Structure formats: C-alpha cells, structure tokens
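Structure at a glance
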Amino acid sequence: MKSKFLFCLIAVCFFAKGFCQTDTANLNARGIIKVYPLQLGSGEVRASYEKPLKHNMSLELGCGYIYRLSSFEFGAISFDETEVPANGFTLREGVKFYFSENQDHYGLYFLPLIMTKYFIENNPYYTETINEYGLQSLIGYMFHSKNKFSFEVYGGLGIKKVIDKSDSHISPSNHLIDKSSVTVLIPQFGFSIGYKPFKNK
C-alpha cells in the first residue's frame, strides 16, 4: 500500500506544480485548510488545501485516511453490511472556478476533480483489496466570515471504476482469489469548514 500511496502522491505534486506557475503576488485571497465532517459517516477522515491561483480560480488538493467501510460507499461493499473495519487512503485534486467577478474566491463555483482510493479489509476468512479511480463534477457555494474561517456546501455527480480483489483463506486447502470490477455513477454532496492561516504567496 505504501508504494501505491507514494505513486499517487507524486502524481498529485506533479499536477499541482503545473497549475501553480500562475503569478499570485497581487491576490488578497488566503489559502484555506479545510476539513469535511460529513465524511466521518463513511469512515474517512478527510482534509484539503485550497490554493488561490487567480482571483476566480484555485487549486484544490485533498487527502484522507480510510478507517472503515460502510454501505454509504456504494460499489465497494454490498448494502446489507453496515460497517467493516478497513485501512487505506484517498487522494483528490481539481481546479475550482468561481463565477463571482467582484470578490476573490467567494460565492458560486464549479469544481471538476479526479480522485483515487485504495483500501484493504481484513478479517479471519478473507482479505479484500479495493482500488477506485474516478471523476467528479461539483457545484458549490463558498462563504467567508469576517475572521479567518470559511464554510462551503457542494453537490454534484461522480463516476468511478471500482476494482475489487478478494483473497479467501478459509483453510489451507480452500484458497480462492476472486477479482471483479464495476463502474458506477454516484451523487456527491457535503460541506467543509475551513481556516485561512496566512495570505497567499
């Protein structure tokens, strides 16, 4: 899992470097560190950083730790399961386009992004390894308080390919490996709480 995480992290850094060549010296906007409370319901601790690129454009980089699978994670496990302990990570990156011309990084926005997930479920009878790759298209609204905090809500639609590999080890004489894949459409919704610790540089 470490090699997969490092590969995905290098890809994210390369993606970010390409978009961060924009001159942002004259921007008043601050970078925002964000957390996503709703994701805890699906067994993921998620955080992201929004880096301003222009007055109406920013780079969104996010990561998360997966500690549990639930029926909320459609396509990964069946709906008759409530929650299953797991261990994995998720990476997300995209470019956010704001529609407002009067305020920097405020109001209605459009966010296309790419994502990947990798996690393992272990139990006494089998080990299940799941890879996910997907695209999401989100519409949201960003609010800023008078201090350094922000709040956003968003919704949209995503498509992802789920590759599921199950290694059954009920007994030494009964060892089976099963691999399957499925592509699914998933509605997306959520909110984030952000903090702006310093001005963009």
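Scroll up to find the structure.
Quick look at the structure, then. Computed from a predicted structure; not experimentally measured.

1. Concerning the overall build of the protein chain
A count of helices and strands for the protein chain gives one helix and eight strands. Put simply, the protein chain runs from its N terminus to its C terminus through helices and strands in the order α-β-β-β-β-β-β-β-β. Expressed as a percentage of the 201 residues in the protein chain, the buried residues total 42%. A sequence separation of at least 24 residues applies to 63% of the contacts in the protein chain between residues at least 6 apart. For the protein chain, the exposed surface amounts to about 11100 Å²; the carbon and sulfur share of it is 64%.

2. Structural notes on the pattern of salt bridges
If you walk through the whole model with that rule in mind, you get nine salt bridges. For Arg46, the salt bridge is made with Glu44, and the minimal N-O distance between the two is 3.0 Å. Comparing Arg46 with Glu44, the two get one shared label, buried. Put simply, Glu152 and Lys96 hold a salt bridge, and the shortest N to O gap is 3.1 Å. Note that Glu152 is positioned in strand E7 (residues 149-171) and Lys96 in strand E4 (residues 83-98), a separation of 56 residues in sequence. Of the two residues, Glu152 and Lys96, both sit in the buried class. One connected set of salt bridges, linked through shared partners, spans Lys34, Glu50, Glu60, Lys96 and Glu152.

3. Some points on the nonpolar core
With 10 residues, the main nonpolar core is built from Ile32, Tyr36, Tyr98, Tyr109, Leu111, Leu113, Met115, Leu138, Met142 and Tyr154. Mapped onto this core, the elements with two or more residues apiece are strand E5 (107-122) and strand E6 (126-144). Top contributing element to this core by residue count: E5, with four residues. With near-sequence residues (within four places) excluded, Ile32 lies in contact with Ser48, Tyr49, Glu50, Met142, His144, Ser150, Gly194, Tyr195 and Lys196.

4. Things to note about the packing of aromatic side chains
On inspection of all chains with the given rule, the structure shows eight aromatic pairs. On the numbers, 6.1 Å between centres and 40 degrees between planes, the contact of Phe89 with Tyr118 is tilted. Taken together, the positions of Phe89 in strand E4 and Tyr118 in strand E5 put the pair 29 residues apart, joining distant regions of the chain. Accessibility assignment for this pair places Phe89 and Tyr118 in one class, buried. With a centroid separation of 6.2 Å and an interplanar angle of 75 degrees, the aromatic rings of Tyr106 and Tyr141 are classed as edge-to-face. Note that Tyr106 is positioned in the loop between E4 and E5 and Tyr141 in strand E6, a separation of 35 residues in sequence.

5. Observations concerning the side chain of Ser150
In this structure, Ser150 sits in strand E7. On the accessibility criterion, Ser150 (5% relative accessible area) is buried. Among residues more than four places away in sequence, those in contact with Ser150 are Ile32, Met142, Phe143, His144, Ser192, Ile193 and Gly194.

Here is what the cut-offs are and how they apply
- Residues numbered from 1 in each chain as written.
- Predicted model: local features only at pLDDT ≥ 70, side-chain atom pairs only at ≥ 80, totals over all residues.
- Heavy atoms only, no water.
- Helix = DSSP H or I, 4+ residues; strand = E, 2+ residues; numbered from the N terminus.
- Buried < 20%, exposed > 50% of the residue type's maximum accessible area, 1.4 Å probe, protein only.
- Contact = heavy atoms within 4.5 Å.
- Areas by Shrake-Rupley, 256 points an atom, 1.4 Å probe, with all protein chains shown as cover.
- Salt bridge = Lys/Arg side-chain N within 4 Å of Asp/Glu carboxyl O.
- Core = buried A, V, L, I, M, F, W, Y, C linked by side-chain atoms within 4.5 Å.
- Phe/Tyr/Trp six-rings, centres within 6.5 Å; stacked < 30°, edge-to-face > 60°.

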